[in-house]
Amino acid sequence: MSKQFLITTAIDYANGSPHIGHAYEKILTDVIARHKRLSGVSVQFITGLDEHGQKVQMSAEKQGVEPIEICDVLAVEFQSLCKRLNVSNNDYIRTTETRHKKVVQSVLQQLFDQGQIYKADYNGFYSIRQEQFVTEKERENGAWSEIYGEVIEVTESNYFFKLSQYQDWLIDFIKSNESVIYPRFRSADVLNFLKEPLNDLCISRPKERLSWGIELPFDSGFVTYVWFDALVNYITASGYGSETFKENWPADYHVIGKDILSPPHAVYWPIMLKALGLEMPKHFLVHGWWLSSGSKMSKSDGHVVNPLDLIDTYGPDAFRYFVIREMNVGQDSEFSLDLFQSRYNSDLANDLGNLVSRLLNMGQRFADGTIPKSSIKEAEELTVLAHWSELKDRIFDLYENFQFHKALELTFAFIAELNRYTELRAPWKLAKSEFEEDKQRLATTLAYMSEGLRLSAVILSPVMPDIAAKVLKLLDAEPINAYEGQLEWGDSLAGGSFGEKMILFPKNEA
Ligand code: MSP
């Protein structure tokens, strides 16, 4: 079997409920996965949950329950979010699963046997919030930056992974593979980080301090550092150690937020893979943050939008549309309910929703519910055709280059054009005319509106799969499984039946 297109999201921390940042990353990845599948590519899409570590252990202690109980509840929450959002992941990996523990332990054992992991005494500072050791470099004017939370002094023995010996190799790898990090300007952050000498990575935590983790295979007094454990999920879920691994690895895209590019994904992960003799991921797709009044939305500061609330009110596709239309991949974006509602009302309810309900309405009134065939081509039709052929040529490139916000902007400009065309043709007037030519114009208008809508549904389907399927059904068209043969303007709908009148995006529900 040939290699699959492997795309992953970060795995979410099991220390709080999902919010818009988690939802966005999954939707973005899903749009790419769906676009690839429609392009005829075989896709393996993986997401999951990151369950070990101090934060989960501490929450469990606070609540007087076992850590796994917290994780089980959150796993259900995160997985139902995926379902509600219509995310088409092929696998969902939890780091507490046996398959994952086995891979983490085998990887650790291999590195230990290769002499890449050694034990040493450490005396220094440790940030509980970040679950990492910090050095004097991170202290400003004697104080630790807020992001580190409580910092304690520790003296302990630990195991270290020899990162530092790979520093030159990594710099060279990033410099000579310009397209490995998207957007490219993020490579500069990584290269900046690599200007300082790399310290070896402490990959263990003594059990007295942290017991909620994967035990080191060569020393039962320790568990694995949560980032080392979490990164390995990508190969576990790709079938590491089995035949399927060859079909999946390397990852084509690791989709992650900008906060976890450097050092975990762009430094630790490539070095871990290199040390294991595995191939490098082809790309990291690094998205920005959803902000609320300029701050990152996160659980700790209470600026959280619960995506499920919006989905319940507006439906999954409206939410998917909003985040993909609003965010320029790689940049930050501000979330506000006003913005959400205004996009919902103007783009979805007014432009797309109206076009559909007008068409269905007129289809029943003026064409006895049967989609007519177009029979004339005048200036009005030529304008629509020219607009479509321009869009068709650009849309694929925009999708391929992650310019989804632009792709949607152009698609909705086309939908607006279809509405303009309808106004111009005014079928309600044509229906009153006795002239044969006007009858042909009427039939043609309904046929053009239908075909334009069908094509819009096809190109919207990676972003709004449910809505696209509904629209196609209302036009008596087959569900779409591939773009091939579906993006040409034609009259395949002629003779089919218009569906019953319906409102795709009800207004003022909130
Ligand atoms: N568990 C780690 C990832 C391990 S991957 C081997 C983690 N988890 S997280 O729950 O904090 O974040 C998961 C993903 O959500 C990250 O890619 C992160 O960047 C993204 N987001 C979290 N908050 C975000 C926003 N406010 N906006 C957009 N995405 C952000 O990091």
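Note that the structure is predicted; figures quoted are calculated from it, not measured.

(A) Quick peek at the site of the ligand. Taken together, 25 residues are adjacent to the ligand, and Ile11, Glu25, Asp50, Asp259 and Trp290 come closest. Taking His22, its side chain carries an N or O atom lying 3.0 Å from an oxygen atom of the ligand. Interatomic distance of 2.7 Å between a side-chain N/O atom of Asp50 and a nitrogen atom of the ligand. Mapped onto the shell around the ligand, the elements with two or more residues apiece are β1 (5-13), α1 (20-38), α7 (226-231), α8 (233-236) and β14 (253-257). Per-element accounting of the shell around the ligand gives the leading share, four residues, to β1.

(B) Seen up close, the pairing of strand β2 (residues 43-50). In terms of residue burial, β2 counts as a mostly covered element, since eight of its eight residues are buried. Here β1 pairs with β2 via seven bridges, running parallel. Residue pairing across strands places Phe5 opposite Val43, the latter belonging to β2. Examined bridge by bridge, β2 and strand β3 (residues 91-94) share four bridges and lie parallel to one another. When the sheet's bridge partners are listed, Leu49 is paired in β3 with Arg94.

(C) Representation of the environment of Ser333 within the structure. Position of Ser333 relative to the elements: it lies in strand β18 (residues 333-334). When its relative accessible area of 9% is taken as the criterion, Ser333 is described as buried. Ser333 sits 39 residues away from Gly294 along the chain, and the two C-alpha atoms are 8.9 Å apart. If we ignore the near neighbours within four places in the chain, the residues touching Ser333 are Trp289, Trp290, Leu291, Glu326 and Met327.

(D) Expanded view of the sheet that holds strand β8 (residues 151-161). Read from one edge to the other, the open sheet built from four strands follows the order β5-β4-β8-β10, with strand pairing classed as antiparallel. Edge positions in the sheet fall to β5 (132-134) and β10 (201-202), since each of these pairs with one other strand and no more. The sheet contact formed by strand β4 (residues 117-127) and β5 spans three bridges and is antiparallel. Within the sheet, the bridge partner assigned to Tyr126 lies in β5 and is Phe133.

(E) Spotlight on the pairing of strand β13 (residues 219-224). By the bridge criterion, three bridges tie strand β11 (residues 204-206) to β13 in an arrangement that is antiparallel. Paired with Arg205 across the strands is Val223, a residue of β13. Note: strand β12 (residues 215-216) against β13, two bridges, orientation antiparallel. By the bridge assignment for β13, Glu215 is matched with Val223.

Reading guide: rules and limits
Residues numbered from 1 in each chain as written. Predicted model: local features only at pLDDT ≥ 70, side-chain atom pairs only at ≥ 80, totals over all residues. Heavy atoms only, no water. Near = heavy atom within 4 Å. Polar contact = N/O pair within 3.5 Å; in protein donor to acceptor, adjacent residues only side chain to side chain. Helix = DSSP H or I, 4+ residues; strand = E, 2+ residues; numbered from the N terminus. Buried < 20%, exposed > 50% of the residue type's maximum accessible area, 1.4 Å probe, protein only. Pairing = 2+ DSSP bridges. Contact = heavy atoms within 4.5 Å.

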